[in-house]
Amino acid sequence: MPISVNFSNNQKHLKLNKREWAGKFDKLAAAIIRNLQAESPPHLKKQWLKKVTDRGVFNVVFVTNEKIRQLNRQWRDKDAPTDVLSFPMDAEEPP
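Residues numbered from 1 in each chain as written. Predicted model: local features only at pLDDT ≥ 70, side-chain atom pairs only at ≥ 80, totals over all residues. Heavy atoms only, no water.

1. Observations concerning the pattern of salt bridges
Move 1: Per the stated rule, a full pass over the model turns up three salt bridges.
Move 2: Of the charged contacts in the structure, one is a salt bridge between arginine 73 and aspartate 79, with a shortest N-O distance of 2.6 Å.
Move 3: Accessibility expressed as a relative area gives 46% for aspartate 79, which makes it partly exposed. (Salt bridge = Lys/Arg side-chain N within 4 Å of Asp/Glu carboxyl O. Buried < 20%, exposed > 50% of the residue type's maximum accessible area, 1.4 Å probe, protein only.)

Right under this line is the structure:
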């Protein structure tokens, strides 16, 4: 199964064309995997990279500043908005 990218827009400030952005995220995910396969960092285990390549899923969600602040507080104990939050595929309870 190839890598899949799920995209959703949970904010109303910016209008986003889902089809256009989904295509961009598909290309980005493929580029990330190619780069990791070509030159993976020392801490990245080959078995993990194979898992991601075989059945990886990227979930991209656009949210409001308040929502990202809430998630940042919940998951990182930082009471401030941030640009990006990421979670490993083996996280117990990612949002």
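Moving on from the model shown.
2. Here we look at helix α1 (residues 18-38)
Move 1: Between its first and last C-alpha, α1 extends 30 Å over 21 residues, near the 30 Å set by a 1.5 Å rise per residue.
Move 2: Buried-residue contacts for α1 involve β1 (4-9), α2 (46-55) and β2 (57-62).
Move 3: Regarding α1, its N-cap is asparagine 17, as a side-chain oxygen of that residue lies 3.0 Å from the backbone nitrogen of arginine 19 further along. (Helix = DSSP H or I, 4+ residues; strand = E, 2+ residues; numbered from the N terminus. Expected span 1.5 Å × (residues − 1). Contact = heavy atoms within 4.5 Å. Polar contact = N/O pair within 3.5 Å; in protein donor to acceptor, adjacent residues only side chain to side chain.)

3. Here we look at the side chain of glutamine 11
Move 1: By the secondary structure assignment, glutamine 11 is in the loop between β1 and α1.
Move 2: At 2.7 Å, the side chain of glutamine 11 forms a polar contact with the side chain of asparagine 9.
Move 3: Excluding anything up to four places from it in sequence, glutamine 11 contacts Leu16, Phe62, Val63 and Thr64.

4. Structural notes on the environment of phenylalanine 87
Move 1: Positionally, phenylalanine 87 belongs in the segment after α3 (65-76).
Move 2: The spatial distance from the C-alpha of phenylalanine 87 to the C-alpha of tryptophan 75 is 9.5 Å, given a sequence separation of 12 residues.

5. A few points about the nonpolar core
Within soluble globular proteins, side chains that are nonpolar tend to cluster in buried spots.
Move 1: In this structure, Ile33, Leu36, Leu44, Leu49 and Val52 together form the largest nonpolar core, which totals five residues.
Move 2: Taken together, the elements giving at least two residues each to this core come down to α1 and α2.
Move 3: If sequence neighbours within four positions are ignored, isoleucine 33 has contacts with Ile3, Leu49, Val52 and Thr53. (Core = buried A, V, L, I, M, F, W, Y, C linked by side-chain atoms within 4.5 Å.)

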